[in-house]
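If you want the building blocks of each chain, they are given just below.
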Amino acid sequence: MDSQRRYSIAAIGADGIGPEVISAGIAVLRTLADALGGFELEFEEYDWSSETYKKTGQYIPDGGLDELRKHDAIFFGAVGAPDVPDHVSLWGLRLAICQTFQQYANVRPTRILLGTQSPLRSCGPRDLDWVIVRENSEGEYAGQGGRSHRGQAWEVATEVAVFTRHGIARLMRFGFEIARQRPRKLLTVVTKSNAQRNGMVLWDEVAADVAKDFPDVKVDKMLVDAMTARMVLDPSSLDTIVATNLHADILSDLAAALAGSIGIAPTSNLDPTRRNPSMFEPIHGSAFDITGKGIANPVATFWTAAEMLAWLGEEAAAAELMICVESVCEAGIVTADLGGTATTAEVTEAVMAEIRRRHDKSEGKS
Ligand SMILES: NC(=O)c1ccc[n+]([C@@H]2O[C@H](COP(=O)([O-])OP(=O)(O)OC[C@H]3O[C@@H](n4cnc5c(N)ncnc54)[C@H](O)[C@@H]3O)[C@@H](O)[C@H]2O)c1
């Protein structure tokens, strides 16, 4: 009997360095699946990008989202091009997927990988180990607002921050579940409820309600401005962090920088109900300044691939991939953003070689 577990993955490299890092990620995932056995990954690549948009007026063709729905997961690069406004590209592709598939939990693990360095003096690998849980469907990114009196001196624009009890509660519950699974069982809820006295106060109230169901999790509350200082000055005091769409978007870039580089940071856009496929992507964007140079750091995409495997139920393979990635970093085979000289291809080859070295029984036989 064929007992292979099979997963169908939609791959969307999209723009800039996106296709470079996604093809590196696919190569590494194929090597890992071959070496470990037990599961298979089938990739279907979609060429949806700003180029497609410029040619057809659409990022996603008619019926495209239904196509995506048949996959077990989506492996995404980055969207954004210098000649398309960023709000058009973001809403046309990435947010169109996140919102349609109710990927309301955005999970961003951050730690200092072995062999890499934090810009924080005396902050070693165990001193910074966080999971940021970002609300991914509401807040300032809900798409509410408008512009009137365009071009007039009295032009007005609103970006309405939307917070619902339902949206906050489901995200908060998910954040508590993550905190509970981690050894420290510590959750920090970030808001700005001193100044934003409606939506953010609702956040605080819902957090207090949900906390009653998780008596084993220690809860801690921070205002977002003070949180930036705490992340820099006392990183080891934090573990799991829950924040709004906008606040967590900003805090997670700071987190990535504190962990060494935006080039290593992964993110998962999850539908925790599992009714729709979830989407996995590095947190960085298209990086126009390094596109086509072959120097993009693929580690964020490898870590993203590990997060995807874990979500699919292949936790052992995910852990193995991270061991191989960290071994390569420890060996000093890193790209320029981490202070090295290796290219994307060299880091990718090194990770594949490490996977084969550790697992491929046929290695060395000829
Ligand atoms: N999820 C997404 O698709 C996403 C996220 C952020 C930005 N964007 C888009 O990307 C475009 C560029 O945005 P930006 O410049 O603000 O952010 P960016 O993440 O693309 O780049 C910021 C800086 O980090 C560097 N960098 C990023 N990823 C790297 C990697 N893997 N290896 C080495 N260096 C890396 C870049 O070279 C650049 O100097 C914009 O169009 C923006 O809208 C898309």
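Residues numbered from 1 in each chain as written. Predicted model: local features only at pLDDT ≥ 70, side-chain atom pairs only at ≥ 80, totals over all residues.

Trainee: Looking at this structure, I do not really get the overall build of the protein chain. What am I missing?
Mentor: Each helix and strand in the protein chain was counted, giving eleven helices and twelve strands. Against the compact-globule benchmark of 21 Å for 366 residues, the protein chain has a radius of gyration of 21 Å, which places it among compact chains. Across its three principal directions, the C-alpha atoms of the protein chain cover 70 × 50 × 45 Å. (Helix = DSSP H or I, 4+ residues; strand = E, 2+ residues; numbered from the N terminus. Rg over C-alpha atoms; globule rule 2.2 N^0.38 Å.)

Trainee: Hey, could you run me through unusual backbone geometry in this one?
Mentor: A negative phi angle is the norm for most residues apart from glycine, just as the trans form is the norm for most peptide bonds. One non-glycine residue, Ala14, lies in positive phi territory at about 65 degrees. Mapped onto the elements, Ala14 comes out in strand S1 (residues 5-14). A positive phi angle, near 45 degrees, is found at Lys185, a position not held by glycine. Locating Lys185 in the fold gives a position in the loop between helix H5 (165-181) and strand S8 (186-191). Residue Lys185 is classed as partly exposed on the basis of its 16 C-beta neighbours within 10 Å. (Buried ≥ 20, exposed ≤ 12 C-beta atoms within 10 Å, placed from the backbone.)

Trainee: Explain the site of the ligand here, please?
Mentor: Around the ligand sit 22 residues in total, of which Gly80, Gly263, His284, Gly285 and Asn297 are the nearest. Ranked by residues supplied to the shell around the ligand, first place goes to helix H4 (residues 86-100) with three residues. Per-class residue counts for the shell around the ligand are ten nonpolar, seven polar and five charged. (Near = placed C-beta within 6 Å. Nonpolar A, V, L, I, M, F, W, Y, C, P; charged D, E, K, R; others polar.)

Trainee: In this structure, what is going on with the UniProt feature "domain: Isopropylmalate dehydrogenase-like" (unreviewed entry) in the protein chain? I would like to understand it.
Mentor: On the UniProt side, "domain: Isopropylmalate dehydrogenase-like" (unreviewed entry) is annotated at positions that read residues 8-351 here. The annotated region residues 8-351 carries 40% helix and 20% strand content, and the separation between its end C-alpha atoms amounts to 23 Å. (UniProt positions renumbered as here; feature names shortened; annotations may be inferred.)

Trainee: Could you clarify how one ought to interpret the environment of Leu223 in this entry?
Mentor: Position of Leu223 relative to the elements: it lies in strand S9 (residues 218-223). Of the residues examined, Leu223 has 15 C-beta atoms within 10 Å and is grouped as partly exposed. Taking C-alpha positions, Leu223 is 8.5 Å from Val189, a pair spaced 34 residues apart along the chain. What Leu223 contacts, discounting residues up to four positions off in sequence, is Thr191, Lys192 and Asn194. (Contact = placed C-beta atoms within 7 Å.)

Trainee: I tried to follow the sheet that holds strand S2 (residues 39-45) on my own but got confused; where do I start?
Mentor: Taken together, ten strands build an open sheet; the order of strands is S2-S1-S3-S12-S11-S4-S5-S10-S8-S9 and the sheet is mixed. Since the sheet does not close on itself, it has two edges, and those belong to S2 and S9, each with one partner. Within this sheet the neighbouring strands show an average axis-to-axis angle of 25 degrees, counted without direction. When strand S5 (residues 129-135) meets strand S10 (residues 240-243), the two strands line up parallel, connected through four bridges. Looking at S10, one finds that Arg134 is bridged to Ala243. In this fold helix H9 (residues 299-312) packs onto S1, strand S3 (73-78), strand S11 (266-270) and strand S12 (278-282), with an angle of close to 160 degrees to the strand it touches most, S12. (Pairing = 2+ DSSP bridges. Axes fitted to C-alpha atoms, helices over the stretch in contact; angles between N-to-C directions.)

Trainee: So what exactly am I meant to see when it comes to H5 here?
Mentor: Along an α-helix, residues three or four apart share an orientation, since each turn contains 3.6 residues. With 17 residues, H5 should reach 24 Å at 1.5 Å per residue; the first-to-last C-alpha distance of 24 Å fits that figure. Those residues of H5 that fall on the buried side of the exposure criterion are Gly167, Ile168, Arg170, Leu171, Met172, Gly175, Phe176 and Ala179. Considering only its buried residues, H5 is in contact with strand S4 (105-111), S5, S8, helix H6 (199-211) and S10. (Expected span 1.5 Å × (residues − 1).)

Trainee: Before we go on, may I ask you to explain the pairing of S12 in this structure?
Mentor: It is a general feature of regular strands that their side chains alternate between the two faces of the sheet. Most of S12 is tucked away, with five of its five residues classed as buried. Of the two faces of S12, the one carrying Ser278, Phe280 and Pro282 and the one carrying Met279 and Glu281 are both buried. Both S3 and S12 contribute to a ladder of three bridges, which runs parallel. Counted as the bridge partner of Ile74 is Met279 from S12. Inspection of the sheet shows S11 paired to S12 by four bridges, in the antiparallel sense. Note that in S12 the partner of Ser268 across the bridge is Phe280.

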